[in-house]
Amino acid sequence: MRNFVLMACIVYCLNGFGHIILGTILEPMVDHYGIAYGDGGQLIMNQFLGFLVGVLVAPAIINHLGRKVTIVLSLLAFATSQLMLGILPVWNILLFTVPLGGAGIGILETVVAALIVGHLQEKKASVLVLVEVFFGVGALLIPVISAFLIAKGIWNYSFFVVTILSLIAVLLWIFLPFGPLQNILQKQAKSSKKKDKGSRRQRYTNKQIPLVIIGAFFFFMYVGTERGLPSYLPTILSMTTDLGSSTLALSITVFWAAMTIGRLLMTFVIDRIGYANLFVICCFGQLFSLTIFAISPTVIVGFIAIFLAGLLMGGIFSIGLLIVNERITGFEEWTTSILVAMGGLGGALLPKLAGELIDHFPISVTLWSMVLFSLILVILMGLIFYYRRNIQEL
């Protein structure tokens, strides 16, 4: 079991690399190819579209290939994409290969999260939060690696570093023993009884459907807020303070560092206070901290609010996966796929909405919109607990 937790952490660290790396080297990439920033944005969008497709098709691939083969192929897809980015081919080739890497990290996130939720025997919530810590480590580490290589004039080697680490992960997944999970990771042979029933898939019950729908919108709102807030922190603070550009950029680091610290601390307290209670604290904590930020987006109060937001928001995604999946046993891959996909959509659309608000309205409108998003999140949280109570264990 330790080997699986180790590999889950490595996979999430690689996902942190994958989600952030294009943004960290966008500047030298634009200069190298002589393209506009809009073209660079298209590359990032293509990776996101690949991620979305990967999340949605993950359950079907698992059914045909098994979990271990799916994980290995997804890592290879991600490694191939990073290798292509590193060798700097013609720009149009990158537009077609980057979605392959996006699909790889989308499938990996879905499969590993579903394995933890559905098949880990104990400390599921702690492990989910722990792997999110490593996602944050990856997201914080790759900008440092890229900055060093950019300074050396070999910025594209950032992709080679990620390629090598991904291939090492492939070898570990192939050769490490996984104890009780070994059979679960392999493709399961279908019994003749199941074959006689045809290809019809088991469906959600009428009582489970509302929980899945509300959970999907919860993840839409949460990921949208999580991605939108740090993206525009420098812009917001530039309009409400007199800070310099370097200090403004530091606000993003403060948020993600606080989120990583929060997740790490949660691994120690989650079993003491219960993951359901911690989930409630995190949701209300996000609303509280963003309300403070909207009321007083000054330097001192603003940075305190940003730190609190990161600290308290860190457990919402991982614990939310467990909260929703817990009463819908047998559908872990499908439910996780839906939740992560809706989170991805929220992460694309709500920051776009926030950008439009910044362009056309006073900055206070954007700040209070973030508060509104957090309030909706709290309401959806209450509905999730309501519908959880209505579901009878099958």
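This structure is a prediction, so every number in the text was calculated from the model and none was measured.

Procedures and definitions
Residues numbered from 1 in each chain as written. Predicted model: local features only at pLDDT ≥ 70, side-chain atom pairs only at ≥ 80, totals over all residues. Heavy atoms only, no water. Helix = DSSP H or I, 4+ residues; strand = E, 2+ residues; numbered from the N terminus. Rg over C-alpha atoms; globule rule 2.2 N^0.38 Å. Buried < 20%, exposed > 50% of the residue type's maximum accessible area, 1.4 Å probe, protein only. Contact = heavy atoms within 4.5 Å. Areas by Shrake-Rupley, 256 points an atom, 1.4 Å probe, with all protein chains shown as cover. Phe/Tyr/Trp six-rings, centres within 6.5 Å; stacked < 30°, edge-to-face > 60°. Salt bridge = Lys/Arg side-chain N within 4 Å of Asp/Glu carboxyl O.

## Points about the overall build of the protein chain
Phase 1 of the analysis: Of the regular secondary structure elements, the protein chain holds 16 helices and zero strands.
Phase 2 of the analysis: In terms of overall dimensions, the protein chain is globule-like: its C-alpha atoms have a radius of gyration of 21 Å, near the 21 Å expected for 394 residues.
Phase 3 of the analysis: Considering only C-alpha atoms, the protein chain reaches an extent of 70 × 50 × 35 Å along its principal axes.
Phase 4 of the analysis: Buried residues in the protein chain amount to 53% of all 394 residues.
Phase 5 of the analysis: Here the analysis covers contacts within the protein chain between residues at least 6 apart in sequence; of these, 84% occur between residues at least 24 apart.
Phase 6 of the analysis: When the accessible surface of the protein chain is summed, it comes to about 17,400 Å², and 68% of that surface belongs to carbon and sulfur atoms.

## Digging into the packing of aromatic side chains
Phase 1 of the analysis: Counted according to the given criterion, the structure contains eleven aromatic pairs.
Phase 2 of the analysis: Counting every residue linked through ring pairs, the aromatic cluster contains Phe-218, Phe-219, Phe-279, Phe-317 and Phe-385.

## Concerning the pattern of salt bridges
Phase 1 of the analysis: Tallied over the entire structure, the rule returns seven salt bridges.
Phase 2 of the analysis: Notably, a salt bridge pairs Lys-123 with Asp-271, separated by 3.0 Å at the nearest N-O pair. Residue Lys-123 is located in the loop between helix H5 (91–119) and helix H6 (124–151), and its partner Asp-271 is located in helix H11 (residues 245–273); the two are separated by 148 residues in the primary sequence.
Phase 3 of the analysis: On the basis of relative accessibility, which here comes to 51%, the residue Lys-123 falls in the exposed class.
Phase 4 of the analysis: Notably, a salt bridge pairs Glu-226 with Arg-227, separated by 3.5 Å at the nearest N-O pair.
Phase 5 of the analysis: The class for Glu-226 is buried, based on a relative accessible area of 6%.
Phase 6 of the analysis: Looking at Arg-227, the relative accessible area reads 30%, which means it is partly exposed.

## Structural notes on the environment of Leu-312
Phase 1 of the analysis: Mapped onto the elements of the fold, Leu-312 is located in helix H13 (residues 299–313).
Phase 2 of the analysis: Here the alpha-carbon distance between Leu-312 and Phe-288, two residues 24 residues apart in the chain, equals 9.8 Å.
Phase 3 of the analysis: Residues in contact with Leu-312, not counting those within four places in the same chain, are Met-266, Cys-282, Gly-285 and Gln-286.

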